Amino acid sequence: MPLISDDDRERIDLPAPGEWVEVKRRLSRGDRLRVQQAAYRSQRLGQPQGDPLMVDLLEAAEFALLDLVIKTWSFDVPVTPEAIRKLADEDVDAIKVRCNVLYAPRTEEEKNG
């Protein structure tokens with residue numbers, strides 16, 4: 001299997017006509033670990049689920065992934081962490097739906113060969 005490349009991308013159409021983003025088609029092991037580390041850094045031990053601090057955990061993981069995978073887009077500003085945080089909710093939702101498919105965990109059959 002070849003190394004994972006940032007140049008292997010997929011275009012995701014956003015809800016507004018003509019708007020799109022390109023994301024990495026596959027995540028490397030290192031990419032997955034970076035997303036997990038971002039979430040763990042924001043985690044507060046002993047917090048019950050539903051606590052506002054749990055929202056920090058989910059937000060950190062979500063933006064760590066978006067920062068990592070969005071490579072280019074149709075907007076007239078560069079792709080930066082600050083610009084990514086200005087995306088509309090419906091755009092983020094569309095990106096996440098496709099990323100959930102692209103980055104789904106491997107099945108046991110895929111792992112074994």
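On a predicted model such as this, the values are computed, not experimentally measured, just so you know. Within any chain, residue numbers begin from 1 and follow the written order of that chain's sequence. Where totals are concerned, whole chains, interfaces and linings use all residues; where local detail is concerned, this predicted model gives features only for residues with pLDDT of at least 70, and gives and counts side-chain atom pairs only at 80 or more. The side-chain figures draw on all heavy atoms in the structure; neither hydrogens nor water molecules are used.

**Topic: the overall build of the chain**
Quick note on the threshold: A helix here means a DSSP run of H or I that spans at least four residues, while a strand means a run of E at least two residues long, and both kinds are numbered starting from the N terminus. Throughout this description, buried means an accessible area under 20% of the type-specific maximum (1.4 Å probe, protein chains only), exposed means over 50%, and partly exposed covers the range between. Any two residues whose heavy atoms approach within 4.5 Å at even a single point are treated as in contact. Reported accessibility uses the Shrake-Rupley method at a 1.4 Å probe radius. Residues are deemed covered only where the shown protein chains occlude them.
Secondary structure assignment for the chain yields 5 helices and 3 strands. Across the 113 residues in the chain, those meeting the buried criterion constitute 30%. Here the analysis covers contacts within the chain between residues at least 6 apart in sequence; of these, 52% occur between residues at least 24 apart. Split by element, the accessible area of the chain, about 7,800 Å² in all, is 51% carbon and sulfur.

**Details of the sheet that holds strand β3 (residues 70-73)**
Going by this rule: Two strands qualify as a pair provided DSSP detects at least 2 bridges between them. Between the N-to-C directions of two axes lies an angle of 0 to 180 degrees, each axis being a line fitted to C-alpha atoms and, for a helix, fitted only over the stretch in contact.
Judged by pairing direction, the sheet is antiparallel, and its 3 strands sit side by side in the order β1-β2-β3 without closing on themselves. Of all strands in the sheet, those with a lone pairing partner are β1 (9-13) and β3, marking the two edges. Strand-to-strand, the axes of this sheet are offset by a mean angle of 30 degrees, without reference to chain direction. Pairing geometry for β1 and strand β2 (residues 20-24), over 5 bridges, is antiparallel. Along β2, the bridge assignment pairs R11 with E22. Those strands touched by helix α4 (residues 89-102) are β1, β2 and β3, and its axis lies near 145 degrees from that of β1.

**Observations concerning the pattern of salt bridges**
Note the threshold: When a carboxyl oxygen of Asp or Glu lies within 4 Å of a side-chain nitrogen of Lys or Arg, that pair is called a salt bridge.
Under the counting rule described, the total for this entry stands at 10 salt bridges. For the salt bridge of D31 with K24, the shortest nitrogen-to-oxygen distance reads 2.5 Å. Neither D31 nor K24 differs from the other in exposure class; each is buried. Because the salt bridges share partners, they merge into one network encompassing D6, K24, D31 and K71.

**Notes on the packing of aromatic side chains**
Rules: Any Phe, Tyr or Trp ring, taking Trp's six-membered ring, that has another such ring centre within 6.5 Å forms a pair; planes under 30 degrees apart are called stacked, those over 60 apart edge-to-face, and the others tilted. Should the NZ of a Lys or the CZ of an Arg lie within 6 Å of a ring centre and within 35 degrees of the ring normal, that charge is described as sitting over the ring.
The tally for this structure, following the rule as stated, stands at 1 aromatic pair. The interplanar angle of 80 degrees and the centroid separation of 5.1 Å between the aromatic rings of W73 and F75 together place this pair among those described as edge-to-face. Exposure remark for W73: the relative accessible area of 7% places this residue in the buried category. Using a relative accessible area of 26% as the deciding quantity, one classes F75 as partly exposed. Sitting over the ring of W20, R11 keeps its end group 3.7 Å from the ring centre.

**Here we look at the environment of G18**
Considering the arrangement of structural elements, one finds G18 in the loop between β1 and β2. Taking relative accessible area as the criterion, G18 reaches 65% and is therefore assigned exposed. The spacing of G18 and F75 is 57 residues in sequence and 9.9 Å in space, taken between C-alpha atoms.

**Observations regarding the side chain of E10**
For clarity, the cut-off: Two N or O atoms form a polar contact when they lie within 3.5 Å of each other; inside protein one atom must be a possible hydrogen donor and the other a possible acceptor, and for residues adjacent in sequence the pair counts only when both atoms belong to side chains.
Assignment of secondary structure puts E10 in strand β1. For E10, a relative accessible area of 14% translates into the label buried. At 2.5 Å, the side chain of E10 and the side chain of R98 are in polar contact.

Keep in mind these numbers describe shape, not what the thing actually does.
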